Every structure is written in C-alpha cells, then in structure tokens.
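# Structural overview for review
One-letter residues, chain by chain:
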Amino acid sequence: EEIILENGSTLNVLSLPPIIPFNWINNIALFNVVQRANSKIVSNRIKQALKKLNMSNPILVNAFNPFFNSVKSRAFNQKASIYYCYDNITAATWASKHGTRLEKELINQIDAVVFSSDALQNSKKTEGISSFVVNNGVDLSLFETEMQNISFNSDRNEINIGYVGTIDDRLDFDLLEKMVKYFDTWNFHFIGRITTSKSEFLKQYSNVKLYGAVDVKSLPSILKNMNAGIIPFVKNEFTQNIYPMKANEYLALGMPVVMTDFAKLNDLNNIVTVSKKDSFILKLLSEIENDTLEKQQQRIQKAKANSWKNKAIEFENILLNYA
C-alpha cells in the first residue's frame, strides 16, 4: 500500500505473509530452526518489495522485534541497521521466553540502538554500540481544536480526575481505592480497555466511570473536562522503563499531571508532579488547588515540544548519521 504523507513523501506499507507460530516452543534448538525458517519467509517478501521499488542499500530499522534478525546475514545489503527498543522485553510476558536472549544477540550485531526512555538506555546499552534516546511523543493533531479553546476554570465545585490507558496490572489498585474513597465527591474517569479482574472493585463506587476502549479521536473531548490526569503505576521492573505517552496527552490540554515514582522521566522534570505512593493523594489535591492559567500554558508548550512530528525529526537526524 502506498501512502502519500503531508510533506509529499511516500510511505510504502508491506503486508507480510503468514509464518509458523513458534513463540510457544520451549526447546531452544527447535525454536532456532523455526525462527530461521520464519526469518527466511519474511526476508524473501521484503526483498521482493525492495526490488519492485528499486530500493538498494536501505537503512534497516527493527522496531522491538528481535525474533526476526536479518542483521547478521545482512539480508538486504543494508547500509546500516538500527534497533528501536521501546519497551522492556524481559518484563513482557508475550516475549520474555526467547526475547531477552534474542534481543541481546541483536544489539551486539547492530550499528545503533534508539531507546524510548533513559531507563531503557541505562539498562540495555552495550559497549561499542551507539545508543540514543527518543522519548515518546503526542499526536497534537488530535488535540488542536481543544488546545485552541482552553480557558482557565477556577471553579472547584466539581472535580474530575482522568486516567487514559489500559486498565491492567501496571496500576496500583490499592492506591486507586484509597483515592476514590478519600475524594468521594470527586469524579474519577478511567478511559481504556480493561484486561484485569483486579479493577472489578471500582464498579461499586458511584464516583467512578469506566469507559472501556474509546475511539482515539474522542479522547480530547473527554479529557478537556478533567482537572488533572493521573498515572498511578506500581513500581517494578516493567514500569521503571516506561515513558507513558498519556503524560504528554494530559499536558496537551494543560492538565496537571500527577504520577507515582515508577520511573525517572528526565524529559518531564518540573512539568509533571512525581510522588511516592503515601503522599500521592496530598500531591494531587495540591496540584488542583494551586493550578493557574500560566501553569496550563507551560504544560501545553511542553506538549508541543514533544509532538510526534518533533520526535520523528529527532529519529530522522539519527538515521541521517548512517545515510
């Protein structure tokens, strides 16, 4: 499929053929045999596309998929190979069985690695391999209309707290229950699909609304009525490597952001509030009570700086080093 981008560039999207399911295989020798077969299937399809498009010596970017490693064989006669690591594969249940081993092998064969957080870079960078950090961004095109119509509302009679994202085991449900009980006159809005039964208790509270999955285009119209956005994650090996996109989505609408200290997000220092679990409730209250129009505008400017367009330029500049 050919897509013409707004700057006139062409994006070619390739649909790959079916492969042999293999992540379930425990035996490493058997897994490796199937992996090589699958890599050949995928590589052949890509080679056909490159030939059709008359593309040679490409820069290869592998986005968090060490299961298909065509670097060692230089199957595409690529000029350079870049690995884009945007998550902790060791903590990802669907990929950890073989992913940890394969990722280490891949990183040792690569020209450079681009990480989505400082924590990922610190834990996975390899001596002799160039590494860079490009944090996650925000799609400002979704928020443009609401951003232009933001007006500061000092009325504290009705407080709405928003959370955007999957309702899963990353959330600290003990903290959530304390919040919902303590601020029993506030409204808590959870926007995102639910993948854990641990959230069932939330349904008993009248000041909680669970939206489930929503069309991303409707997100700004829901969030614009929030007084603050929260990221109440537990602190563990998985979450310490996360750079949550929701932080910049909250900021795009000028909202105060309060998050637990699950990760070090240097990019967001002094613009979001990071709190330990036992002081989270008081920090949230303080952010809402002391919010100002000036603070809202500062948050919006930070979100603009963190747009995906700007992040794409950062990524492009890294690739140009190898062009």
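The structure contained in this document is the topic of the report that follows. (Residues numbered from 1 in each chain as written. Predicted model: local features only at pLDDT ≥ 70, side-chain atom pairs only at ≥ 80, totals over all residues. Heavy atoms only, no water.)

## Overview of the overall build of the protein
In plain terms, the rule: Working definition: helices are DSSP H or I runs of at least four residues, strands are E runs of at least two. Numbering for both runs from the N terminus. Our radius of gyration is a C-alpha quantity, and the globule rule it is checked against amounts to 2.2 Å times the number of residues to the power 0.38. Exposure categories follow from relative accessible area, calculated using a 1.4 Å probe and restricted to protein chains: below 20% of the type maximum is buried, above 50% is exposed, and the middle band is partly exposed. Contacts between residues were defined by any pair of non-hydrogen atoms, one from each residue, lying within 4.5 Å. We get accessible surface area from the Shrake-Rupley algorithm with a probe of 1.4 Å; when it comes to residues, only the shown protein chains can shield them. His is not counted here, nor are the chain ends, while Lys and Arg score as positive and Asp and Glu score as negative. Taken as the charge location is NZ of Lys, CZ of Arg, CG of Asp or CD of Glu.
The helix and strand inventory of the protein stands at 10 helices and 12 strands. Taking 323 residues into account, the globule formula puts the C-alpha radius of gyration at 20 Å, and the protein, at 22 Å, falls close to it. Principal-axis analysis of the C-alpha atoms places the extent of the protein at approximately 65 × 45 × 35 Å. Taking all 323 residues of the protein together, the buried fraction comes to 47%. Taking the intrachain contacts of the protein between residues at least 6 apart in sequence as the baseline, contacts between residues at least 24 apart amount to 64%. With an accessible surface of roughly 17,100 Å², the protein has 49% of that area assigned to carbon and sulfur atoms. Side chains of the protein give 36 positive and 33 negative charges; the mean places of these two sets differ by 8 Å.

## Some remarks on the nonpolar core
Generally speaking, nonpolar side chains in soluble globular proteins are found buried as a group. What counts, and what does not: For this analysis, a nonpolar core means a set of buried residues of the types Ala, Val, Leu, Ile, Met, Phe, Trp, Tyr and Cys, connected via side-chain atoms within 4.5 Å.
Within the largest apolar cluster, 55 residues are counted, with the highest numbers of intra-cluster contacts made by Ile 161, Met 179, Phe 188, Leu 223 and Leu 284. A per-element tally of this core places helix α5 (residues 173-182) first, with five residues. Ignoring sequence-local partners within four residues, the contact set of Leu 223 consists of Phe 143, Val 164, Ile 191, Tyr 250, Leu 253 and Met 255. Judged by nonpolar contacts, the second largest core, of 21 residues, contains Phe 31, Val 34, Cys 85 and Ile 89.

## Some words on the pairing of strand β11 (residues 257-260)
Where we set the bar: Two strands qualify as a pair provided DSSP detects at least 2 bridges between them. Look down the strands so they point away from you; if the path from the first strand over the helix to the second goes clockwise, the crossover is right-handed.
Of the two faces of β11, both are covered, the one formed by Val 257 and Met 259 as well as the one formed by Val 258 and Thr 260. One ladder, built from three bridges, connects strand β10 (residues 228-231) with β11; its direction is parallel. Within the sheet, the bridge partner assigned to Ile 231 lies in β11 and is Met 259. Traced from β10 through helix α7 (residues 245-252) to β11, the parallel crossover comes out right-handed. With three bridges joining them, β11 and strand β12 (residues 273-275) adopt parallel strand pairing. Looking at the pairing, Val 258 lines up with Thr 273 of β12.

## Description of the environment of Met 55
Of note, Met 55 is situated in the loop between α1 (28-52) and β3 (59-63). With 21 residues separating them along the chain, Met 55 and Phe 76 place their C-alpha atoms 9.8 Å apart.

## Structural notes on the packing of aromatic side chains
Which entries qualify depends on this criterion: Two rings belonging to Phe, Tyr or Trp (six-membered ring only in the last case) form a pair when the distance between their centres is within 6.5 Å. Interplanar angles under 30 degrees mark stacking, angles over 60 mark edge-to-face geometry, and anything in between is tilted.
Summed over the entire model, instances satisfying the criterion amount to 14 aromatic pairs. Relative to Phe 31, the ring of Phe 22 has its centre 5.0 Å away and its plane inclined at 20°; by these criteria the two rings are stacked. You'll find Phe 22 and Phe 31 in the same group, each marked buried.

## Here we look at helix α8 (residues 280-289)
Put simply, the rule is: The directions from the helix axis to the C-beta atoms form the arc being described.
Here α8 has its buried residues at Phe 280, Ile 281, Leu 284, Glu 287 and Ile 288. Angularly, the buried residues of α8 cover 130° about the axis, an arc narrow enough to put them on a single face. Every exposed residue of α8 that faces more than 90 degrees away from the buried side is listed here: Leu 282 and Glu 289. Buried residues along α8 sit in contact with β7 (160-164), α5, β10, β11, β12 and α9 (293-305).

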